[in-house]
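Below are the chains, spelled out letter by letter.
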Amino acid sequence: MSEHTASIGLETKSFDADVLQPSVGNQGVDIRKLRPETGYVTFDPGFANTAMARSSITYIDGAAGQLLYRGYDIEAVAAGASFLEVAYLLLYGKLPNITELASWEADVSSHTMLNEEMRSFFDAFPRRAHPMAVLASATYAISTFYDVYRRPTRIQEIDAGARTLIAKMPTIAAWAYKKSIGEPYMYPNNEYSYVENFLHMMFSRPTEITPIDPAIVKALNVLLILHADHEMNCSTATVRSVGSSRANMFASVAAGMGALWGPLHGGANSAVIEMLQAIHDDPDATIESTLERAKDKDDDFKLMGFGHRVYTNYDPRAKAISTFAQEMLDRMDASDPLLDIARELEAAALEDDYFVERKLFPNVDFYSGIIFRALGFPERMFTVLFSIGRLPGWIAHWMEMNRDPDTRIMRPRQIYVGECARPYVPLEDR
Ligand code: ACO
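Residues numbered from 1 in each chain as written. Predicted model: local features only at pLDDT ≥ 70, side-chain atom pairs only at ≥ 80, totals over all residues. Heavy atoms only, no water.

### A few points about unusual backbone geometry
So, point 1. In this structure, Glu231 takes a positive phi of about 40° despite not being glycine.
So, point 2. For Lys359, which is not a glycine, the phi torsion comes out positive at approximately 55°.
So, point 3. By the secondary structure assignment, Lys359 is in the loop between helix H16 (353-357) and helix H17 (364-374).
So, point 4. Judged by relative accessible area, which is 46%, Lys359 ranks as partly exposed. (Helix = DSSP H or I, 4+ residues; strand = E, 2+ residues; numbered from the N terminus. Buried < 20%, exposed > 50% of the residue type's maximum accessible area, 1.4 Å probe, protein only.)

What follows is the structure, given as structure tokens:
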């Protein structure tokens, strides 16, 4: 028994549990022996109160609106670092020095190309295929070219798998986009930085190289950093869950992409734009009627981009993106009527008792779509951009989980409420 314990009274018996100490944040009641010793299980749909692992990657203080990557505040990291620097930090737990960063960038840069046979996968998808479906399928598909990553045993193989995924993801994402618009795929050009290369593959054509705007590079770099990790969110929990069966990194990450795509998670960034566009296009829709719909329990509609499982305060990523969206539009001397609607919606929601009482604030997805639009990305690519950003986080969690001696195959219990054992009735007697 540790010096910190908790006791749970259960009808005729009690259960004494160790209390696990965090470096900061919630303490954890260790209930691993609860079922074997008492026959009870805990009931926690959505795992809102359940810690799935000890982790040292990312810390969120939801009440204070604080987000730390390996102890470093997100705002400072986003202001000073490159996305690959942050990827290194998340994967290896420390900021790289100049030599380490140069070597990591060179390593990533020399693996951006896809095996030429991968083209046939892209060719085979229908033109209307959603880029998220193509991204996840292609993530699975690249694993077929590297048998060693299927069951990596050595640390070097795991590191190489991580580097391969991070290096090739922008190429896969850009090819998914090119496929959807019927343009030729652009090959990576390793003269460019990571973010420049992605923009090049997205927006250049073989006949015409689109100049790369440094302001757009800077903005995308920050956006990718802001999405890079968020501890045990739905997609990361999925990556860990799939990886707990010892599935390889590629299979686990592809499954995480499936989870991210949902509109309650990373798919919210495009759902926000659809919602704002609908308000813009419908002369009868108002800010008030939208909020009323969101509050109506008989209506499935939610205020997309609002609310969060962990934040009961303003999501620091949303704050940064909101300011950034305005700066980008000002710089381009452009305006976006959807940004004006978003601001009105936010102001009204933050004054509305329903949202105030439930501590519902804008989350990362509320303004990210507006800035992605301003940077020239079509709506169908928004969750793909989120995936490129979240990739280092998913991999860092997969690596951490594999090193953790407490990891067991993810296999929750249930409270069974179906029929008890009853005799089978032959077909002719029913
Ligand atoms: N609009 C209206 N009501 C909401 C919203 C919303 N966006 N979000 C939460 N609520 C209400 C719920 O109906 C519930 O009300 P009740 O107490 O009267 O039943 C209460 O607030 C608590 O919300 P839950 O759904 O229990 O919170 P949970 O932690 O399960 O869900 C989630 C969090 C999924 C993010 C939710 O807030 C939501 O659906 N938001 C809209 C989708 C969205 O923006 N998702 C992106 C999240 S960020 C990310 O994943 C990258």
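Moving on from the model shown.
### As for a nonpolar patch on the surface
So, point 1. Nonpolar side chains collect at one region of the surface, where Phe43, Ile415 and Val417 lie side by side and expose about 380 Å² of accessible area between them.
So, point 2. Mapped onto the fold, Val417 is located in the segment after helix H18 (382-403).
So, point 3. Val417 sits in the exposed class, given a relative accessible area of 76%. (Patch = residues over 30% accessible without salt bridge, like charges linked within 9 Å, V, L, I, M, F, W, Y side chains within 5 Å. Areas by Shrake-Rupley, 256 points an atom, 1.4 Å probe, with all protein chains shown as cover. Salt bridge = Lys/Arg side-chain N within 4 Å of Asp/Glu carboxyl O.)

### A few points about the site of the ligand
So, point 1. In the region of the ligand, 21 residues are neighbours, and Leu264, His265, Leu303, Gly305 and Arg309 sit closest.
So, point 2. The contact in question runs from an oxygen atom of the ligand to an N or O atom on the side chain of Arg309, over 2.7 Å.
So, point 3. The separation between a nitrogen atom of the ligand and a polar side-chain atom of Tyr354 is 2.8 Å.
So, point 4. Summarising the interface, the protein chains cover 73% of the accessible area of the ligand, which totals 910 Å² for the free molecule.
So, point 5. The class makeup of the residues in the shell around the ligand is 11 nonpolar, 5 polar and 5 charged. (Near = heavy atom within 4 Å. Polar contact = N/O pair within 3.5 Å; in protein donor to acceptor, adjacent residues only side chain to side chain. Nonpolar A, V, L, I, M, F, W, Y, C, P; charged D, E, K, R; others polar.)

### Thoughts on the sheet that holds strand S3 (residues 28-29)
So, point 1. Here we have 3 strands laid out as an open sheet, ordered S1-S2-S3, and antiparallel in their pairing. Strands with a single pairing partner mark the edges of an open sheet, and in this sheet they are strand S1 (5-10) and S3.
So, point 2. Looking at chain direction, S1 and strand S2 (residues 13-20) are connected through 6 bridges and run antiparallel. Residue Ile8 lies in a different strand from S2, and its bridge partner there is Phe15. (Pairing = 2+ DSSP bridges.)

### Looking at a positive patch on the surface
So, point 1. A contiguous patch of positive charge on the surface is contributed by Arg35, Arg408, Arg411 and Arg413.
So, point 2. In this structure, Arg411 sits in the segment after H18. (Lys, Arg positive; Asp, Glu negative; His and termini not counted. Charge placed at Lys NZ, Arg CZ, Asp CG, Glu CD.)

### Comments concerning the side chain of Asn221
So, point 1. Structurally, Asn221 can be placed in helix H9 (residues 214-226).
So, point 2. At 3.1 Å, the side chain of Asn221 and the backbone oxygen of Ala81 are in polar contact.
So, point 3. Not counting residues within four places of it along the chain, the set of residues in contact with Asn221 comprises Ala81, Ser82, Phe83 and Val195. (Contact = heavy atoms within 4.5 Å.)

### What to know about the environment of Ser56
So, point 1. If you trace the backbone, Ser56 turns up in the loop between helix H1 (34-38) and strand S4 (58-61).
So, point 2. Ser56 sits in the exposed class, given a relative accessible area of 52%.
So, point 3. Sequence spacing of Ser56 and Tyr88 is 32 residues, and the spatial spacing of their C-alpha atoms is 14 Å.
So, point 4. Residues contacting Ser56, with those up to four places away along its chain left out, are Arg70 and Glu400.

### A few points about the pairing of S2
Walk down a regular strand and you will see the side chains alternate between the two sheet faces.
So, point 1. Here S1 folds back onto S2 in antiparallel fashion, the turn holding 2 residues, of which Glu11 has a positive phi close to 35°.
So, point 2. The sheet contact formed by S2 and S3 spans 2 bridges and is antiparallel. Bridge pairing links Leu20 to Gly28 in S3.

### Some details on the packing of aromatic side chains
So, point 1. Under the defined criterion, the tally for this structure stands at 17 aromatic pairs.
So, point 2. Ring geometry for Phe306 against Phe366: centres 5.2 Å apart, planes inclined by 85°, an arrangement best described as edge-to-face. In this pair, Phe306 sits in the loop between helix H13 (287-295) and helix H14 (316-331) while Phe366 sits in helix H17, placing the two residues 60 residues apart along the sequence.
So, point 3. A residue is classified by how much of its surface remains accessible, and Phe306, at 11% relative accessible area, is buried.
So, point 4. Over the aromatic face of Trp175 sits the side chain of Arg119, whose NZ or CZ is 5.8 Å from the ring centroid.
So, point 5. Across the ring face of Tyr354, the terminal group of Arg358 is positioned such that the distance to the ring centre comes to 3.9 Å. (Phe/Tyr/Trp six-rings, centres within 6.5 Å; stacked < 30°, edge-to-face > 60°. Lys NZ or Arg CZ within 6 Å of the ring centre and 35° of its normal.)

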